[in-house]
Amino acid sequence: MVHGGAGALDNVKDDKIAFRYLESIRRILEHGRDVMELGGSALQAVEACASLLEDDPAFNAGCGSVLNENGKVEMDAAIMDGRDLSAGAIAAVDNIANPVQLARLVMTESEHVMLISEGAMRFADHCGMERVPEDYFYTADRVEQLRKARLKHKVMLDHDDTEEDSEDQKYGTIGAIARDPKGNLAAATSTGGIVNKRMGRVGDSPIVGAGVYADNETCAVSATGFGEDFMRTVISKTISDFMLMKDLDAKQATAAGIEYLVRKVKGRGGVIVIDRDGKCSSGFTTKKMIHGWIEKGGETTCRF
Ligand code: ASP
C-alpha cells in the first residue's frame, strides 16, 4: 500500500490532476509488487516505492518538499523492519534527493535509530550519499504555496476559525507499507513537513510509533496529516497495540485508531495499514487521502 498525503485536496476536482496522482500511485504500486515478485523483501519494496514517491514533485517529499518559514526545505523520513523492529530515521535534512534511503542507512550502517540536521548530513557524506543542489527542490508551486501560507498565517492570527484554515491545507507526505510472501512487514514514511513550519520543527513522519511502525506480530502503518496530532497519540503504535491486545484485524484496528485520534485530539489526517495476514485497510479524518494498494496477481486500486 502507498499513500500520497491527506487533506482537503480540493485541486483533485480537476480530472487532469486526479489522473496525474492516480497514475503515479498505480505505477509505483506495480513497481513495489515487481520488487517482491523478483524475490525482494517487504523492506526493499517500501524503500523502492518511497524513493519513487520522493522523486515525483507532485508529492510533499524529496524533490516536491514544501518550504518552511524561511523558504527552505527540511525533510524528515523513517523506515522500519517488522522482522526485528529495527528502524532508521532522519530529521530536518536538506540537499538529499531520497531521505528514505538515508534513513535506511541509519538503520543498517549506524548503531542509532535517528540522526538529525547537520549530524544526519555528515552521516550522509560518510556513507558517500550524493548531495543535490538547492534548486532541485524549488518548484514554482511550492514558492507560491508558501506565499499563500504566510498570508494566511497573518489572517489566522486574527481569526477564530482555525479549523477551516487548516483543512484547506494539503498534507502531502508519502508512505509505503508492505507484506512480502514470507509474511514480513515493513513501513516507510517521508515528508517535507508542513508549509511555513518553524525552522527545526520535526513532525511525526520520522518518529517510530507516530508516523511509522512495523511489527510482524501485528501490522505495518504509515500516517499522513497534522504531525503533532499523531505524535501526541502515537497513532501507529496505538493501532498496532489494538491488534496485539484486542486481537483486532486491520480494518477493526484502523477504525479503533481513528476513533482514538478524533476523540483525544481531534486529529487531522489518515493512516494506511496492512495486518500480519495481509489484510489492507485505511482510515482518515480529512476530506480525502490519496492512497492505493496492490496484491499478488490482483488489480491495483487507487483512491482519494
Ligand atoms: N505528517 C507530516 C508532518 O506533520 C505532514 C504530512 O503528512 O503531510 O510533518
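Residues numbered from 1 in each chain as written. Predicted model: local features only at pLDDT ≥ 70, side-chain atom pairs only at ≥ 80, totals over all residues. Heavy atoms only, no water.

> Sorry if this is basic, but what is going on with the layout of surface pockets here?
Any space left empty among the atoms is revealed by the rolling of a water-sized probe across them. Taken as a whole, the second largest pocket encloses approximately 440 Å³ of empty space. Considering the residues around the second largest pocket, the lining is formed by 23 residues, among which Met36, Arg179, Ile294, Glu295 and Lys296 are closest to the centre. Only α1 (15-37), α2 (42-54) and β6 (174-179) provide two or more residues apiece to the lining of the second largest pocket. Broken down by element, the residue count for the lining of the second largest pocket peaks at five residues, all from α1. Along the lines of polarity and charge, the residues of the lining of the second largest pocket split into 14 nonpolar, two polar and seven charged. (1 Å grid on protein atoms, 1.4 Å probe; cavity = no way out; pocket = protein on both sides within 12 Å on 5 of 7 lines; lining within 4 Å. Points joined across faces, edges and corners; volume = space filled by probe spheres on them. Helix = DSSP H or I, 4+ residues; strand = E, 2+ residues; numbered from the N terminus. Nonpolar A, V, L, I, M, F, W, Y, C, P; charged D, E, K, R; others polar.)

> Please clarify how the sheet that holds strand β11 (residues 280-284) should be interpreted in this entry.
Neighbouring strands of a sheet are bound in pairs by backbone hydrogen bonds; such pairs are parallel or else antiparallel. Taken in spatial order, the four strands line up as β8-β9-β10-β11 in an open sheet, and their pairing is antiparallel. On the outer flanks of this sheet lie β8 (212-214) and β11, each paired with one strand and no other. Put simply, the sheet's adjacent strands are angled 10° from each other on average, direction ignored. Alignment of strand β9 (residues 219-225) against strand β10 (residues 269-275), held across seven bridges, turns out to be antiparallel. By the bridge assignment for β10, threonine 224 is matched with glycine 270. Helix-sheet contacts for helix α8 (residues 235-246) involve β8, β9 and β10, and the interaxial angle to β9 is about 145°. On the sheet, helix α9 (residues 250-265) packs against β10 and β11 and is oriented at approximately 15° with respect to β11. (Pairing = 2+ DSSP bridges. Axes fitted to C-alpha atoms, helices over the stretch in contact; angles between N-to-C directions. Contact = heavy atoms within 4.5 Å.)

> Please explain α2 as it appears in this structure.
Each full turn of the α-helix corresponds to 3.6 residues, which orients residues three or four apart in the same direction. Over its 13 residues, α2 extends 18 Å from the first C-alpha to the last, a length consistent with the 18 Å expected when each residue adds 1.5 Å. Along α2, the residues classified as buried are Ala42, Leu43, Ala45, Val46, Glu47, Ala48, Cys49, Ala50, Ser51, Leu53 and Glu54. (Expected span 1.5 Å × (residues − 1). Buried < 20%, exposed > 50% of the residue type's maximum accessible area, 1.4 Å probe, protein only.)

> Where do I start with the site of the ligand in this structure?
Neighbouring residues of the ligand: 14 residues in total, closest Thr173, Arg201, Asp204, Thr224 and Gly225. Within the side chain of aspartate 204, a nitrogen or oxygen atom sits 2.6 Å from a nitrogen atom of the ligand. Between the ligand and glycine 227, the relevant distance is 2.9 Å, taken from an oxygen atom to a main-chain nitrogen or oxygen of the residue. In isolation the ligand exposes 270 Å². Once the protein is present, 100% of that is buried. Here the residues of the shell around the ligand are counted per class, giving two nonpolar, 10 polar and two charged. (Near = heavy atom within 4 Å. Polar contact = N/O pair within 3.5 Å; in protein donor to acceptor, adjacent residues only side chain to side chain. Areas by Shrake-Rupley, 256 points an atom, 1.4 Å probe, with all protein chains shown as cover.)

> For this particular structure, what's the right way to read the pattern of salt bridges?
If charged atoms from side chains of opposite charge come close, those side chains can pair. Applying the stated rule across the entire model yields 16 salt bridges. One salt bridge in this structure joins glutamate 23 and arginine 26, with 2.6 Å as the shortest N-O distance. With a gap of three residues between them, glutamate 23 and arginine 26 both fall in helix α1, about one helical turn apart. The exposure class of arginine 26 is partly exposed, given its relative accessible area of 28%. Among the salt bridges present, the one from lysine 72 reaches glutamate 134, with a minimum N-O distance of 3.7 Å. In this pair, lysine 72 sits in the loop between α2 and β2 (75-81) while glutamate 134 sits in the loop between α4 (117-126) and α5 (140-157), placing the two residues 62 residues apart along the sequence. Taking the relative accessible area as the measure of exposure, lysine 72 reaches 38% and is therefore partly exposed. Assessed through its relative accessible area of 38%, glutamate 134 is described here as partly exposed. Ionic contacts of the salt-bridge type, sharing partners, join the residues Glu23, Arg26 and Glu30 into one network. (Salt bridge = Lys/Arg side-chain N within 4 Å of Asp/Glu carboxyl O.)

> Explain the nonpolar core to me, please; I cannot follow it from the model alone.
Note on soluble globular proteins: their nonpolar side chains tend to be buried together. In this structure, Phe59, Ile79 and Ile90 are the most contacted members of the largest nonpolar core, which totals 52 residues. By residue number, the principal contributor to this core is α2, which donates eight residues. In contact with isoleucine 79, other than residues within four places in its own chain, are Leu43, Val46, Glu47, Ser86, Ala87, Gly88, Val100, Ala103, Arg104, Met107, Ala187 and Ala188. One finds Ala6, Met80, Tyr213 and Ile272 within the second-largest nonpolar core, a separate group that totals 17 residues. (Core = buried A, V, L, I, M, F, W, Y, C linked by side-chain atoms within 4.5 Å.)

> Is there a simple way to think about the pairing of strand β13 (residues 300-303) in this case?
Working note: regular strand, side chains alternate between the two faces of the sheet. Here strand β12 (residues 288-294) runs beside β13; their pairing, made up of four bridges, is antiparallel. Paired with glycine 292 across the bridge in β13 is cysteine 302. In sequence, β12 turns back onto β13 through a hairpin of five residues, with glycine 297 there showing a positive phi of about 75°.

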